[in-house]
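As a plain string of letters, each chain reads:
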Amino acid sequence: ISSGVGGSGPSITATADPFENRHAAIEYHFQRRRTGLTLNVLRREEIYDSATMFDRTSMSYGISVTRRLTNQLDAGLNAVLSEDDYETLDDTTEEKRFGFTLDWRIGRTVGLSFSAERLELDYGGTLFDSTENRLFLRANWFPNGPVSHGPPQRTRGSGTTAPE
């Protein structure tokens, strides 16, 4: 399971010590013809056999809103707040991620995707706190044709058609 909204996966702890990973997630999707909303919550526990200083509980909260602006242009906003609580160290780290995406379908099988995000890392007031601003430009190719956005839309009569 990944947190999904905002693209942040679990952080990695560099140790060879075996551990038990317990996780639970709940996610809500709302989709209409031109607008989408996703909310999610993820809880994860890592319990190490020997290196108990790495034992932690993580919580992640995310929201994403998308909007079809035209038949060829989609926009989206997203935010993720993650918090890791290290029980034995009595320490907490926090990650905030905010983003914006713009997807342009140039043709039936080609598109461009632009995204910008801001990442703020807070390691409990240490010198390692950081803020990053990132920009991404990605070319997309869909060899099997366009990707459907949302459920088929009802039309007059008995059939359904793909969304605009």
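Anything mentioned here points back to the structure above.
Let me sum up the structure you'll find in this document. (Residues numbered from 1 in each chain as written. Predicted model: local features only at pLDDT ≥ 70, side-chain atom pairs only at ≥ 80, totals over all residues. Heavy atoms only, no water.)

1. Things to note about the environment of Asp 103
So, point 1. By secondary structure assignment, the location of Asp 103 is in strand S5 (residues 91-105).
So, point 2. For Asp 103, the contacting residues outside a window of four places in its chain are Gln 72, Leu 73, Asp 74, Leu 112 and Ser 113. (Helix = DSSP H or I, 4+ residues; strand = E, 2+ residues; numbered from the N terminus. Contact = heavy atoms within 4.5 Å.)

2. Comments concerning the pattern of salt bridges
Pairing between side chains of opposite charge can happen when the charged atoms of each approach one another.
So, point 1. This structure, assessed with the given rule, holds 14 salt bridges.
So, point 2. In this structure, the salt-bridge partner of Arg 22 is Glu 45, at a minimum N-O distance of 3.7 Å. Linking Arg 22 in strand S1 (residues 19-31) with Glu 45 in strand S2 (residues 35-48), this pair joins segments that are 23 residues apart in sequence.
So, point 3. A residue is classified by how much of its surface remains accessible, and Arg 22, at 44% relative accessible area, is partly exposed.
So, point 4. One salt bridge in this structure joins Arg 134 and Glu 132, with 2.7 Å as the shortest N-O distance.
So, point 5. Looking at Arg 134, the relative accessible area reads 28%, which means it is partly exposed.
So, point 6. In this structure, a network of salt bridges that share partners links the residues Glu 95, Arg 97, Glu 117, Glu 132 and Arg 134. (Salt bridge = Lys/Arg side-chain N within 4 Å of Asp/Glu carboxyl O. Buried < 20%, exposed > 50% of the residue type's maximum accessible area, 1.4 Å probe, protein only.)

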